[in-house]
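# Observations on the model geometry
Here is how the chains run, residue by residue.
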Amino acid sequence: MPMNEAGSKAYATAQTLAQKIVARAAGKPAVTPGEIVICKLDLALMHDSGGPRRVKPLLEHLGARVWNPDRVVVVTDHYLPAHDDESRRIIEIARDWVRDAGVRNFYDGMGICHVVLPEKGHLRPGMFAVGGDSHSPTGGAFGAYMFGIGATEMLGVLVTGEIWLRVPQTILLEWTGRLADGIAAKDMMLAMCGKLGLDGGQYQAVQYSGETITALSMQERMTLCNMAPEVGAQTGLIAPDEVTRAWLEEAGVTKIDTSRWQGDPGAAVAAHHCFDAAALAPQVAAPHSPANAAPVAEHAGTRIDIAYIGACTGAKLEDMRMAARVLKGRRAASQVRLILAPASRRDQEIARAEGTLDAIIDAGASLLPTACGICAGYGANRLEENEVAITSTARNFKGRMGAASSRVYLGSAYTVAASAVAGHICDPREMLP
Amino acid sequence: MSGTSWVFGDNVDTDVLAPGKYMKSGIEELARHCLESVLPNFAADVRPGDFVVGGRNFGAGSSREQAPEALRHLGVAALVAVSYAGLFYRNAINLGLPAIVCANAGRIRAGDRLNVDPEAGRIENLSTGESLDCEPIPPHLAQLLRDGGLMPHLEKRLARERGIRS
Ligand code: SF4
């Protein structure tokens, strides 16, 4: 019977969320993993480091213009504050270029690109987007398919508004159970880095699912998607729901469709890993890889010189609130330099108004501008020879944040704050009110 | 295209292809050290038109474009591997270096003479007489490769569009 045939065919081609977004961008009813398609971009994000200073000369060489300046967003974050002539020049190029190219979505000194982008209402479920930065999958928290590309590819995107893509398989990372107090998305992500390793994601799409994920706030979801590249995935996705809708509406986004951007039941996935949130302890990743994650107890007592609450991964409003809960009424150990670089101006203002910022500063933290700061390894605050740091950032590769002999441990904002007080790595659950 | 094959194993990484030590040196110098930590004579002995054959996850590691660029600079005509690291694959195609996915790449021996048709997805092993099926390079990417990579492809495309407009 033709009806049945059509029905079973539809079932056989059940699509994952990633496939649905890619299919729409490719102008096809459906796509198959492994197939190569050309996708039209809804948005391209660039920052000062990988953006204008790299693509401007290439565009000039081609005599080409940006395909659609309204779909381009430029954020300055890596070289701020500009501490020398070279960084000032890089920032100037960005400012001049957006003006000449007619890019109106330009956020200068407002915060880190991956955090500013959704704050300013540029993301919505179902979008297909790229960023000139490896942590661009942060957009996946909003149900957007977003990934990082290099400068040459960004040039292609700017000129054509298109990009080719090998349709990914989906790797499902499912979490059940409730997180204990003092455990954050960062701990979940580090645990996944430990289990999957740096290439477990095989440049496919990872999708975080399950009741634990549904219970997470948007900023915590952003932390998970931000670090999808740390498990080797091209992108990380979370299916949009009412939490997504509420957050986006507050950012001024309209026409949000959450029901369309869900994977079909029965869609084939490449792998399915299950994690138990209730059993999760705070995680710390030892130098020099996020995959070196282990329960905090394994590193407890490790002496630290610097405690850094920063980066798109680890200094959003909620990260600051975590740190403040631990730090309120306490002080960082005298030999520890506690540093805070809020992820965005908006988050900093809210934190200031509610007293969160003061709690951290009163504990002895010095406040850096809302930019990449030490995470990018540029600027005046780079780690010195042999310094040991615990940070809420995403990566601890050798030399990334300063001298090659420096050592970086990764943890949640809770763990960084508690370690600052103790003077050595410690379990934040001991210090919660 | 036909040439001689150079065979490597799984997880050939971007540090092996473009060693960090020489990253500041420019492509000429960098290419001289391409793959030297696994095969010291490779850069000196590889001939334009030869093929590099790998196992799984070829090009693992960083996003540095210099990894495929070094191979292209040495005249490598195409890569054949069971699978590639995602960013490396993108960079290779964008720089005009065909990367062919072949589940049976492991059947190719060092020094075998190959005849490779990337667009049809076929490899003739002239030394053994064997024929290997591969994933054909899709038409869009084949066009990109024929143009020599993304930059020349864009130049051509823009010239064509300008021609139509004037
Ligand atoms: S804060 Fe760090 S991880 Fe985030 S965009 Fe800046 S340099 Fe990259």
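Computed from a predicted structure; not experimentally measured. (Residues numbered from 1 in each chain as written. Chains lettered and ligands numbered in written order. Predicted model: local features only at pLDDT ≥ 70, side-chain atom pairs only at ≥ 80, totals over all residues. Heavy atoms only, no water.)

## A few points about the overall build of chain A
Helix and strand content of chain A: 15 helices and 18 strands. In terms of C-alpha radius of gyration, chain A reaches 21 Å, essentially the compact-globule figure of 22 Å for 433 residues. Here chain A holds 433 residues, and the buried ones make up 61% of them. Long-range pairs, those at least 24 residues apart, make up 76% of the contacts in chain A with a sequence separation of at least 6. Counting 42 positive and 46 negative side-chain charges, chain A places the averaged centre of each group 3 Å from the other. (Helix = DSSP H or I, 4+ residues; strand = E, 2+ residues; numbered from the N terminus. Rg over C-alpha atoms; globule rule 2.2 N^0.38 Å. Buried < 20%, exposed > 50% of the residue type's maximum accessible area, 1.4 Å probe, protein only. Contact = heavy atoms within 4.5 Å. Lys, Arg positive; Asp, Glu negative; His and termini not counted. Charge placed at Lys NZ, Arg CZ, Asp CG, Glu CD.)

## Points about the packing of helix H6 (residues 139–147) of chain B against helix H7 (residues 150–165) of chain B
All names here are of chain B. Between H6 and H7, whose axes approach to 7 Å, the crossing angle comes to 95 degrees. Classed by the angle they form, the pair H6 and H7 counts as roughly perpendicular. Every residue of H7 that contacts H6 at Gln 143, Leu 144 and Asp 147 is listed here: Leu 150, Pro 152, His 153 and Lys 156. Classifying every residue of the contact of H6 with H7 gives 3 nonpolar, 2 polar and 2 charged. (Axes fitted to C-alpha atoms, helices over the stretch in contact; angles between N-to-C directions. Parallel < 35°, antiparallel > 145°, perpendicular 65-115°, else oblique. Nonpolar A, V, L, I, M, F, W, Y, C, P; charged D, E, K, R; others polar.)

## Side note on the packing of aromatic side chains
For the structure shown, the criterion picks out 12 aromatic pairs over all chains. Ring geometry for Phe 58 of chain B and Tyr 84 of chain B: centres 6.2 Å apart, planes at 75 degrees, overall edge-to-face. One end of the pair, Phe 58 of chain B, is in the loop between strand E2 (51–54) and helix H4 (66–73); the other, Tyr 84 of chain B, is in the loop between strand E3 (78–81) and helix H5 (86–94), and 26 residues separate them in sequence. Taken individually, Phe 58 of chain B and Tyr 84 of chain B each receive the classification buried, so the pair is uniform in this respect. Judged by its relative accessible area of 11%, Tyr 84 of chain B falls in the buried class. Every member of this aromatic cluster is reached through a ring pair, and the members are Trp 164 of chain A together with Phe 58, Tyr 84, Phe 88 and Tyr 89 of chain B. (Phe/Tyr/Trp six-rings, centres within 6.5 Å; stacked < 30°, edge-to-face > 60°.)

## Brief notes about the domain arrangement of chain A
Residue and element names in this part refer to chain A. Along its sequence, chain A is carved into domain 1 (39–166), domain 2 (168–279) and domain 3 (283–431). On a C-alpha basis, the centroid separation for the pair domain 1 and domain 3 is 27 Å. In this complex, domain 1 contributes 16 residues to the contact, which on the side of domain 3 involves 18 residues. Each partner contributes to the roughly 1,500 Å² buried at the junction of domain 1 and domain 3, and carbon and sulfur atoms together form 65% of this total. Counting every contact that joins domain 1 to domain 3 gives 1 salt bridge. Arg 346 is paired through a salt bridge with Glu 119; the nearest N and O atoms lie 3.6 Å apart. (Domains from an automatic or database assignment. Buried area = accessible area lost by both parts, 1.4 Å probe. Salt bridge = Lys/Arg side-chain N within 4 Å of Asp/Glu carboxyl O.)

## Some remarks on the site of the ligand
Residue and element names in this part refer to chain A. In the vicinity of the ligand, the contacting residues are His 78, Ile 112, His 114, His 135, Ala 311, Cys 312, Cys 372, Cys 375, Ala 376 and Arg 400. Residue classes in the shell around the ligand are distributed as 6 nonpolar, 3 polar and 1 charged. Residues from two domains meet in the shell around the ligand; each of domain 1 (39–166) and domain 3 (283–431) gives at least three. (Near = heavy atom within 4 Å.)

## Brief notes about the side chain of Lys 316 of chain A
All names here are of chain A. Note that Lys 316 resides in the loop between helix H11 (311–314) and helix H12 (317–327). By relative accessible area, which is 1% here, Lys 316 ends up buried. A distance of 2.9 Å separates a polar atom in the side chain of Lys 316 from a polar atom in the side chain of Thr 223. Here Lys 316 is in contact with Val 115, Gln 219, Met 222, Thr 223, Ala 343 and Asp 347, once residues within four sequence places are set aside. (Polar contact = N/O pair within 3.5 Å; in protein donor to acceptor, adjacent residues only side chain to side chain.)

## As for the sheet that holds E2 of chain B
Residues and elements named next belong to chain B. Spatially, 7 strands are ordered E4-E3-E2-E1-E5-E6-E7 in an open sheet, and the strand pairing comes out mixed. Two strands lie at the open edges of the sheet, namely strand E4 (99–101) and strand E7 (131–133), each paired on one side alone. Taking each pair of neighbouring strands and ignoring which way they run, the sheet shows an average axis angle of 30 degrees. Pairing of strand E1 (residues 2–7) with strand E5 (residues 113–117), which is carried by 3 bridges, proceeds in the antiparallel orientation. By the bridge assignment for E5, Ser 2 is matched with Asn 115. (Pairing = 2+ DSSP bridges.)

## Some thoughts on the nonpolar core
Of all hydrophobic cores here, the largest spans 107 residues; its most connected members are Trp 175, Met 192, Tyr 208, Leu 224 and Leu 338 of chain A. The element best represented in this core is helix H7 (residues 185–196) of chain A, accounting for 8 residues. Non-local contacts of Tyr 208 of chain A, meaning those with residues more than four positions away in its chain, are made with Leu 173, Met 189, Met 192, Ile 213, Leu 224, Cys 225, Ala 228, Gly 236, Leu 237 and Ile 238 of chain A. In terms of nonpolar packing, the next biggest core, distinct from the first, is built from 98 residues, Leu 17, Ile 123, Met 151 and Leu 154 of chain B among them. (Core = buried A, V, L, I, M, F, W, Y, C linked by side-chain atoms within 4.5 Å.)

## Digging into the environment of Met 222 of chain A
Tracing the chain through its elements places Met 222 of chain A in helix H9 (residues 218–226). Other than its neighbours up to four places away in sequence, Met 222 of chain A contacts His 114, Val 115, Pro 118, Thr 138, Ala 141, Phe 142 and Lys 316 of chain A.

## Quick word on the interface of chain A and chain B
Each side of the interface is counted separately: chain A has 23 residues, and chain B has 22 residues. Around 2,000 Å² of area is buried between chain A and chain B when both sides are counted, 62% of it from carbon and sulfur atoms. Our count for the contact surface shared by chain A and chain B stands at 3 salt bridges. Where Arg 90 of chain B meets Glu 153 of chain A, a salt bridge forms, and the shortest distance between an N and an O atom there is 2.5 Å. There are 9 residue pairs in polar contact (both at pLDDT 80 or more) connecting chain A and chain B. Breaking the side of chain A that touches chain B down by element, the ones donating at least two residues are strand E1 (36–40), helix H3 (52–62), strand E6 (145–148), helix H6 (151–160) and strand E7 (162–166) of chain A. Counting residues per element, the side of chain A that touches chain B draws most heavily on H6 of chain A, which supplies 6 residues. When its residues are assigned to classes, the side of chain A that touches chain B shows 12 nonpolar, 7 polar and 4 charged.

## Some words on the sheet that holds strand E3 (residues 72–76) of chain A
All names here are of chain A. As summarised here, the arrangement of the 5 strands in space is E4-E3-E2-E5-E6, forming an open sheet in which the pairing is parallel. The open sheet terminates on both sides in strands that have one partner only, identified here as strand E4 (105–108) and E6. Each strand of the sheet is rotated relative to its neighbour by a mean of 15 degrees, with strand direction disregarded. Here 4 bridges tie strand E2 (residues 43–47) to E3, and the two strands are oriented parallel to one another. Paired with His 47 across the two strands is Val 75, which belongs to E3.

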